[in-house]
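A closer look at the structure
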Amino acid sequence: MSPSSEVVVAARLPERVALHARPAGRFVRAAAGFPCAVVIAANGKRANGKSILEVIGLGAAGGTELELSASGEGAVEAVEHLAALVRTLD
Amino acid sequence: MAVVTHDTQYVGLVLVSHSGEIVAGLAGLVGQVAGPDVPIATAGGMPDGSFGTDGGQVLDVLRSAANGAGAGAVVLMDLGSSVLAVRAALVELEPEELERIVVVDAPLVEGAVAAGVTASTGADLAEVADAAREAVHVSKL
């Protein structure tokens, strides 16, 4: 895999945790720590993973499977870290 | 008026409203979403507790934010006299104070949440202002 490849990982939200303001805030703050671009896809929508308003706007309910993708520097580390975060949000 | 100061380099927020309760509640919400590091100052309501925007209070808060230890501040207001009070206060500030303040045209709640989260990542003043402006365009539904 070349360093510029897009990395995609699926991560399911815990059943009781929707991607509302507080969890979304945790996600965005974590995503902002990586140099690569991060995109979340869910419910047929795509959001910039570093934009709190876009992430909230996904309207992802608890139990929704999110597709996390990143490309650029640190992409592998970013999606692994963020997928683990998504699965353990509370 | 509540001014929370932190000895950090995070960009802060100044929230201006007709109501002290609105900005106090919003400051609490932003703190929950963005974490405790972002300094948030508020100005809302009149000295007698009625609704309105007190020009002196707004000027004090803006001046304090411009001279604080942080990396400047993004100012968001609700509407009407809040906007007029901020405009009037800007006229009173020194050029070097104005360099550390960005007044943003954005919805108050959404802009504050977006700006607060971005500020919490250590973003600079221009980046935090851009995040607040994004609130004009991002759809809720």
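Residues numbered from 1 in each chain as written. Chains lettered and ligands numbered in written order. Predicted model: local features only at pLDDT ≥ 70, side-chain atom pairs only at ≥ 80, totals over all residues.

**Observations regarding the overall build of chain B**
We apply this condition: Note on conventions: DSSP H or I runs of at least 4 residues are helices, E runs of at least 2 residues are strands, and numbering of each starts at the N terminus. Two things to know: the radius of gyration comes from C-alpha atoms, and the globule rule equals 2.2 Å times the number of residues to the power 0.38. Buried residues are those with 20 or more other C-beta atoms within 10 Å of their own C-beta, exposed residues have 12 or fewer, and partly exposed residues lie in between; C-beta atoms are placed from the backbone. Working definition of a contact: two residues with C-beta atoms, positioned from the backbone, lying within 7 Å.
In terms of helices and strands, chain B carries 6 helices and 5 strands. Expected size for 141 residues packed as a compact globule is a radius of gyration near 14 Å; at 13 Å, chain B falls within 12% of this value. In chain B, buried positions account for 48% of the 141 residues. Pairs at least 24 residues apart make up 79% of the contacts formed inside chain B by residues separated by at least 6 positions.

**Some details on the sheet that holds strand β4 (residues 65-71) of chain A**
Residues and elements named next belong to chain A. The condition that has to hold: Here a strand pair is declared whenever DSSP counts at least two bridges between the two strands. The convention used is that axes are lines fitted to C-alpha atoms, helices contributing only their stretch in contact, and that angles between N-to-C directions extend from 0 to 180 degrees.
In space, the 4 strands of this open sheet follow the order β1-β4-β2-β3, with antiparallel pairing throughout. Sheet topology places β1 (6-12) and β3 (45-48) at the edges, where each strand pairs with a single neighbour. When the angles between neighbouring strand axes are averaged without regard to direction, this sheet yields 25°. Along the sheet, helix α3 (residues 75-87) contacts β1, β2 (37-42) and β4; its crossing angle with β1, the most-contacted strand, is approximately 5°.

**A look at the interface of chain B and chain A**
In plain terms, the rule: Any residue outside Ala, Val, Leu, Ile, Met, Phe, Trp, Tyr, Cys, Pro, Asp, Glu, Lys and Arg is labelled polar, Gly included; the first ten of those are nonpolar and the last four are charged.
Contacts between the two partners involve 15 residues from chain B and, on the opposite side, 11 residues from chain A. Counting only elements with at least two residues in the side of chain B that touches chain A, the list comes to α1 (20-34) and α5 (108-120) of chain B. Tallied by class, the residues present in the side of chain B that touches chain A amount to 7 nonpolar, 5 polar and 3 charged.

**What to know about the packing of helix α2 (residues 55-66) of chain B against helix α3 (residues 81-92) of chain B**
Residues and elements named next belong to chain B. The cut-off we apply is this: Relative orientations are named as follows: roughly parallel for angles under 35 degrees, roughly antiparallel for angles over 145 degrees, roughly perpendicular for angles from 65 to 115 degrees, and oblique for any other angle. In this scheme the handedness of a crossing depends on how the near helix is turned from the far one: anticlockwise by less than a right angle means left-handed, clockwise means right-handed.
At a minimum axis distance of 9 Å, the contact between α2 and α3 shows a crossing angle of 55°. Considering the angle they form, α2 stands oblique to α3. When you trace α2 past α3, the crossing you get is right-handed. Residue-level inspection shows Gly55, Val58, Leu59 and Leu62 of α2 in contact with α3, the latter providing Ala85, Val86, Ala88, Ala89 and Glu92. Looking at the contact of α2 with α3 residue by residue, the classes come out as 7 nonpolar, 1 polar and 1 charged.

**A short note on the pairing of strand β3 (residues 40-44) of chain B**
Within a regular strand, side chains alternate between the sheet's two faces. Residues and elements named next belong to chain B. Filter applied, for reference: Consider the strands pointing away from the viewer: the crossover is right-handed when the path from the first strand over the helix to the second runs clockwise.
With 5 of 5 residues buried, β3 lies mostly within the body of the structure. Side chains Ile40, Thr42 and Gly44 of β3 all project onto a buried face; the interleaved residues Ala41 and Ala43 project onto the opposite face, where all are buried too. Both strand β2 (residues 12-17) and β3 contribute to a ladder of 5 bridges, which runs parallel. If you follow Leu13 over to β3, its bridge partner there is Ile40. For the crossover that starts at β2, traverses α1 and ends in the parallel β3, the hand is right-handed.

**Side note on α1 of chain B**
Our working definition: One fewer than the residue count of a helix, multiplied by 1.5 Å, yields its expected span. The directions from the helix axis to the C-beta atoms are what the arc is built from.
Its 15 residues place the ends of α1 of chain B 21 Å apart at the C-alpha level, agreeing with the 21 Å of an ideal helix rising 1.5 Å per residue. Within α1 of chain B the residues assigned to the buried category are Val23, Leu26, Ala27, Val30, Val33 and Ala34 of chain B. Across the axial projection of α1 of chain B, the buried residues extend over an arc of 135°, all falling on one side. Residues of α1 of chain B that are exposed and point over 90 degrees away from its buried face: Glu21 and Gly28 of chain B. Where α1 of chain B is buried, its residues meet α1 (21-31) of chain A together with β2, β3 and α5 of chain B. Directly beyond the C-terminal end of α1 of chain B, a positive phi value near 90° is found at Gly35 of chain B.

**Quick word on the confidence of the model for chain B**
Selection criterion: Every residue gets a pLDDT, meaning the predictor's confidence in that residue, from 0 to 100.
Predicted confidence across chain B gives a mean pLDDT of 93, with 94% of residues reaching 70 or more. Scored by ipTM, the complex comes to 0.87, with pTM at 0.91.

**Side note on unusual backbone geometry**
For Asn43 of chain A, which is not glycine, the phi torsion reads 55° and is therefore positive. Topologically, Asn43 of chain A is positioned in the loop between β2 and β3.

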